[in-house]
Amino acid sequence: MLVLVVGPSGAGKDALLKAAREVFRGDARISFARRVITRPADPGGEDHEPVTEAEFAAREFALSWSAHGLRYGIPKMALDTPVVVANVSRGVIGEAATRHDVRVIEITAPLEILAARLAGRGRESAGDVARRLARTATIPSGVAVTTVWNDGTLAQGIERFVAAIREVLREGMGLTA
């Protein structure tokens, strides 16, 4: 099963994924895919595999997409456990659902929180932040979605996200997590 984590920029996906990796460390049933991105490494941001455009083009991916002027991919070899959690673009959900058993966890927060978080990263201009906030994508009908509001403390967000993963595991695979 592929658990697709989606949500707008600034929703806190990276922080929640990092914490969930620790919670589920040692559970052989679940893994967290490390994305390949045509963006340099960012010590304060997502732990991804930075590659050039040429390196990206030479790779094989289970899923790949473009957003914000970058290319993103989930390597085929990342799908090596019964449950794989992957941070993806909402725009790739439909394609993923045609090839994999998919569940979606959408992480979100109110617009003012998203804006403050994006501005606080200091990675983008005000115009880039505005464009990210204006971006919308619809989750295809027929795909199971669990929404996690990450609008409180980091600890609250982690608790909600981990609970959502456990619920998806129970519903999707009949597992006890």
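Conventions we followed
- Residues numbered from 1 in each chain as written.
- Predicted model: local features only at pLDDT ≥ 70, side-chain atom pairs only at ≥ 80, totals over all residues.
- Heavy atoms only, no water.
- Phe/Tyr/Trp six-rings, centres within 6.5 Å; stacked < 30°, edge-to-face > 60°.
- Buried < 20%, exposed > 50% of the residue type's maximum accessible area, 1.4 Å probe, protein only.
- 1 Å grid on protein atoms, 1.4 Å probe; cavity = no way out; pocket = protein on both sides within 12 Å on 5 of 7 lines; lining within 4 Å.
- Points joined across faces, edges and corners; volume = space filled by probe spheres on them.
- Helix = DSSP H or I, 4+ residues; strand = E, 2+ residues; numbered from the N terminus.
- Nonpolar A, V, L, I, M, F, W, Y, C, P; charged D, E, K, R; others polar.

**Focus: the packing of aromatic side chains**
Within this structure, the stated rule accounts for three aromatic pairs. A ring pair is formed by Trp65 and Tyr72, whose centres lie 5.6 Å apart and whose planes are at 0°; its orientation type is stacked. Trp65 gets classed as buried once you look at its relative accessible area, which sits at 10%. Tyr72 sits in the buried class, given a relative accessible area of 5%.

**Focus: the layout of surface pockets**
Estimates place the volume of the largest pocket at around 870 Å³. If you trace the largest pocket, you find 41 residues lining it, with Lys13, Asp14, Glu46, Asn87 and Arg121 closest to the centre. With six residues, the top contributor of residues to the lining of the largest pocket is helix α1 (residues 13-23). Within this model, the second largest pocket holds a volume of roughly 160 Å³. In this structure, the second largest pocket is lined by Arg39, His68, Leu70, Arg123, Glu124, Asp128, Arg131 and Arg132. In terms of residue count, helix α5 (residues 126-134) provides more of the lining of the second largest pocket than any other element does, three residues in total. Of the residues contributing to the lining of the second largest pocket, the split by class is one nonpolar, one polar and six charged.

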